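Structure at a glance
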Amino acid sequence: MAKRQDRVELKGSARAALPGGQDVGPADPNQQIEVTVFLRRGSKPGEFPSVAQMGARLPRERKYLTREEFARLHGASAADLEKIRAFAGQYGLRVVSEDRASRIVKLSGTVQAFNDAFGVNLRRYEHSSGAYRCRAGSLTIPADLEFVVEGVFGLDNRPQAKAHFRLRKQKPNVHAQAAAVSYSPLQVAQAYGFPSGATGAGQCIGVIELGGGYRATDLNSFFRNLGISTPKVTAVSVDGAANSPTGDPGGPDGEVELDIEVAGAIAPAAQIAAYFAPNTDQGFIDAVTTAVHDAKLKPSIVSISWGGPEDSWTEQSRDALNSACQDASTMGVTVLAASGDDGASDGSTSGAPTVDFPAASPYVVGCGGTKLTISGAAIGSEQAWNELSANEGATGGGVSEIFALPSYQQSANVPKAPNSFVGRGVPDVAGDADPETGYNVFVDGQQAVIGGTSAVAPLWAGLLALINQSLGTNVGYVNPLLYSAKVEPTFHDITSGSNGDYSAGPGWDACTGLGSPNGAALMTALRGE
C-alpha cells in the first residue's frame, strides 16, 4: 500500500459536511459501492479545439468531430487507464468499466477499501431529506496520479440538484384563478414564430433526469390531445437508475413528463432519449457524459432542467461537468440548462445573489424565464418571470463568481459579480416559464399546468431540433453565435420585470438574457441569410 508521503491532495475535492445533517457514525466498512474516476484528456491542452477556433462561425462553416474521432483524439490515454488499473489492484478495488471517450473509469469495492484508497473517512449522516453516506475535507491520491485524475465521485451520495419546475398552485378564490392562463407547447411555439415545415426528423434530443419517470399512457394521452403522434422515447439507465414514475405530479415525474412533452410537441419526429441517473454529483456527471458521448443514440441536443447554486458544488464536480459540456461543443452537441426558479438568490441559504450551475457553464445555453401572455396567436406582452411575492418563484439569473466572462459576452454589458469578479452572465436566452402562464401537460394520469425554467430548456431544445433539421447540420455550440450582430436582433428583447436583484432592460440582462426567440428569424440568421 502506498505510503502517506507518496500521496497528494486531489485538487478541488474539498467538501463541507452535509449542512443540517447529523453525523451518526462511520459508514458500514463492508458496504459495496461503485465510484466514478474522471481522468484528464489524452490530448495536450493546445491540441484541444478552443472556443476561439469555433467562435461565431456559421454552422455550415464548422467542422465537428464525430464521437469516434473525439474518443481517438481526446479520450483517456491507454497509459493513464493502465495507471488506474494498477491503483485499483493495489487497494483491492475492481475495475467495473472503462470508457475512453468520456474519460470515466468505474471502480467497485468496500467502503473500507475506498477509505484507504482515497484517504477518506466516510460517515453516515441523517438529514430531514434522508440518510446519506458523506465525507468532509479533501481526498488524497498517489502522487503519480496527481495529473491523471481530475475527479472522484460517488464516495458521497448526498443529493446534488433540484428540478427547476413549478406546478401551478390552486388559488383560494375565483378571481385569482381567473387571472391565470395556460398554453399548449404548440401555442407557445406559434407565438414565438417557430419555423413551420420541420418536424425534428433525424434529430435526437437527450433529456437529463435525476429521479421520477414517465408512463407511456400519459405521453399517448398528451400527444393524442394535440393531434400528433407520440415521439419515440428511449429510457437510458445510468448508475442503476431507471424510468421509475412515483405517481406524484408535484415530484420528479412532473419534471420528466414536462421535458418529454414540451420537446416532443415542438419536434415530434425527433427521438427523445431520457437519461435517468441518481440525484448525486456522480449521477449528474455520469448522465451528462453518457448523453454527450452516446455513440448509439447520438443526441444533437442535451436539455438539462436540474441544477443547484454554483457554490453548492465541489470544484472537481463543477470542473468535470463543465469539461463534459466543453467536449460536447467539439462534437456539434448543444447543451441547454434551466437557470433556476428561485430568483437571483437561486434558493441559496445566504439569500445572496447566486447563479445556478450547470447553466453558469460557458459551454451551456442558460435558459431563463418570462411571463408570456398570448394575444391571438402572437405575443401580447412579455416580462421577466417574478412571482416571488406569491411564493411561486422567479427566473434565475445573475453573474458567476467562478466562471470568467466568456469572449462572446464581452460586449453584452454584463455587470460584475457580487464579489466583484468579472464573471459569466446568466442566462443567455429565455422563454415562457411563469406557472401563471404555464404549459398544459399530462402527468401521472391527470392534466396539470407547469411552469419553471425547466420548461424553457426543452422548448429551446425542440426549436434547435427543427433548426438542425432545416439547416442540414447541427448548430452545436451556439453561444458565440447568439451574441453575434446577425443573430442577436432576432430575439424578442424583454425590457420589464426583475428577478429580485437584477432588472430586465434593453439588450442582455441577468433575468432574461438576450430575450425570447423569434424561431424562424433565428433559423434564417443561423443559415447566414
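As a starting point, this report considers the structure included with it. (Residues numbered from 1 in each chain as written. Predicted model: local features only at pLDDT ≥ 70, side-chain atom pairs only at ≥ 80, totals over all residues. Heavy atoms only, no water.)

1. Digging into the sheet that holds strand 17 (residues 306-309)
One open sheet accounts for three strands, arranged 10-17-19; its pairing is antiparallel. The strands lining the two open edges of the sheet, one partner per strand, are strand 10 (162-163) and strand 19 (356-357). The sheet contact formed by strand 17 and strand 19 spans two bridges and is antiparallel. Paired with G308 across the bridge in strand 19 is F357. (Pairing = 2+ DSSP bridges. Helix = DSSP H or I, 4+ residues; strand = E, 2+ residues; numbered from the N terminus.)

2. Concerning the packing of helix 7 (residues 216-226) against helix 8 (residues 252-266)
Where helix 7 contacts helix 8, the two axes come as close as 11 Å, and the packing angle between them is 35°. In this structure, helix 7 meets helix 8 at a crossing whose hand is right-handed. On the side of helix 7, the interface is formed by D218, L219, F222, F223 and L226, while helix 8 contributes E257, I260, E261, G264 and A265. Split by residue class, the contact of helix 7 with helix 8 holds six nonpolar, one polar and three charged. (Axes fitted to C-alpha atoms, helices over the stretch in contact; angles between N-to-C directions. Left-handed = near helix turned anticlockwise from the far one by under 90°. Contact = heavy atoms within 4.5 Å. Nonpolar A, V, L, I, M, F, W, Y, C, P; charged D, E, K, R; others polar.)

3. Looking at the packing of aromatic side chains
Applying the stated criterion across every chain, the model contains 14 aromatic pairs. Arranged with centres 6.0 Å apart and planes meeting at 25°, the rings of W460 and F491 form a pair that is stacked. Here W460, found in helix 11 (residues 453-471), pairs with F491, found in the loop between helix 12 (479-482) and helix 13 (519-527); they are 31 residues apart in sequence, far enough to count as distant. Ring pairing ties together the aromatic residues F87, Y91, F114 and F118, which thus form one cluster. For R41, the ring lying beneath its charged end belongs to F48, and the centroid distance is 3.7 Å. (Phe/Tyr/Trp six-rings, centres within 6.5 Å; stacked < 30°, edge-to-face > 60°. Lys NZ or Arg CZ within 6 Å of the ring centre and 35° of its normal.)

4. Focus on unusual backbone geometry
Excluding glycine, residues mostly have negative phi values, and the peptide bonds linking residues are mostly trans. Between F357 and P358 the backbone carries a cis peptide bond, its omega angle lying at 20°. Its location among the elements puts P358 in the loop between strand 19 and strand 20 (365-375). Omega for the bond connecting V426 with P427 falls within 30 degrees of zero, at 0°, which places this linkage in the cis form. Checked against the element boundaries, P427 lands in the loop between strand 23 (423-426) and strand 24 (429-432). Residue K298 is not a glycine yet carries a positive backbone phi of 50°.

5. What about the side chain of T330?
In this fold, T330 is placed in helix 10 (residues 315-330). A polar contact is formed between the side chain of T330 and the backbone oxygen of D327, at a distance of 2.8 Å. Not counting residues up to four positions away in its chain, the partners in contact with T330 are F48, P49, M54, Y64, L65 and F70. (Polar contact = N/O pair within 3.5 Å; in protein donor to acceptor, adjacent residues only side chain to side chain.)

6. A closer look at the layout of surface pockets
Counted as a void, the largest pocket has a volume near 830 Å³. Lining the largest pocket are 28 residues; nearest its centre among them are P19, P159, Q160, P309 and S312. Tallied by class, residues from the lining of the largest pocket come to nine nonpolar, 13 polar and six charged. Within this model, the second largest pocket holds a volume of roughly 460 Å³. Together, 21 residues line the second largest pocket, and K11, R40, V149, E150 and D319 are the ones closest to its centre. Those elements giving two or more residues to the lining of the second largest pocket turn out to be strand 9 (149-153) and helix 10. Here the element with the most residues in the lining of the second largest pocket is helix 10; it accounts for six residues. When its residues are assigned to classes, the lining of the second largest pocket shows seven nonpolar, four polar and 10 charged. (1 Å grid on protein atoms, 1.4 Å probe; cavity = no way out; pocket = protein on both sides within 12 Å on 5 of 7 lines; lining within 4 Å. Points joined across faces, edges and corners; volume = space filled by probe spheres on them.)

7. Quick word on the sheet that holds strand 11 (residues 166-167)
Read across the open sheet, the four strands follow the order 11-26-25-12; overall the sheet is mixed. Strands with a single pairing partner mark the edges of an open sheet, and in this sheet they are strand 11 and strand 12 (181-183). In the sheet, strand 12 pairs with strand 25 (residues 437-443) via three bridges, with the strands oriented parallel. The residue bridging V181 from the neighbouring strand is T437, located in strand 25. Against the sheet, helix 7 engages strand 25 and strand 26 (446-451), with an angle of about 130° to strand 25.

8. Focus: the nonpolar core
It is characteristic of soluble globular proteins that their nonpolar side chains tend to be buried jointly. Counting 127 residues, the largest nonpolar core has I205, I208, F284, L336 and L482 as the members making the most contacts within it. Once you skip the residues sitting within four places of it in the chain, I208 turns out to touch D259, Y275, F284, A287, V288, A291, V302, S303, I304 and W306. Core analysis: the second largest hydrophobic core is formed by 29 residues, L39, A76, I84 and L93 among them. (Core = buried A, V, L, I, M, F, W, Y, C linked by side-chain atoms within 4.5 Å. Buried < 20%, exposed > 50% of the residue type's maximum accessible area, 1.4 Å probe, protein only.)

9. Here's the deal with helix 3 (residues 78-90)
A rise of 1.5 Å per residue sets the reference length of helix 3, with its 13 residues, at 18 Å; its end C-alpha atoms lie 19 Å apart and thus fit the reference within 8%. Listing the buried residues of helix 3 in full gives D80, L81, I84, F87 and A88. Seen from one end, helix 3 has its buried residues packed into an arc of 120°, which puts them on one side. Residues of helix 3 that are exposed and point more than 90 degrees away from the buried face comprise A79 and G89. For helix 3, the elements touching its buried residues are strand 3 (32-39), strand 4 (94-99), strand 5 (104-110), helix 4 (111-118), strand 8 (140-142) and strand 9. One or two steps after helix 3, the chain reaches G92, where phi turns positive at roughly 70°. (Expected span 1.5 Å × (residues − 1). Arc of directions from axis to C-beta.)

10. Focus on the state of the cysteines
Enumeration according to the criterion identifies zero disulfides in this entry. No disulfide involves C325; its sulfur sits 12 Å from the nearest other cysteine sulfur, which is in C367. C511 takes part in no disulfide bond, and the closest cysteine sulfur, belonging to C367, lies 15 Å away. Residue classification places C511 among the buried positions, given a relative accessible area of 0%. (Disulfide = S-S within 2.5 Å.)

11. Points about the pattern of salt bridges
If charged atoms from side chains of opposite charge come close, those side chains can pair. A complete count under the given rule lists 21 salt bridges for this structure. For the salt bridge of R527 with E529, the shortest nitrogen-to-oxygen distance reads 3.8 Å. Under the relative-accessibility criterion, R527 is labelled partly exposed at 25%. On the basis of relative accessible area, E529 is assigned to the exposed category, the value being 59%. Overlapping salt bridges, with partners in common, bring together R15, D156, R158 and D281 in one network. (Salt bridge = Lys/Arg side-chain N within 4 Å of Asp/Glu carboxyl O.)

12. Things to note about the pairing of strand 4
A regular strand places its side chains on the two faces of the sheet in alternate fashion. Bridging between strand 4 and strand 5 involves five bridges; their strand directions are antiparallel. The residue of strand 5 that forms the bridge with R94 is S108. Hairpin connection from strand 4 to strand 5: four residues lie between these consecutive antiparallel strands, with R103 at a positive phi of about 65°.

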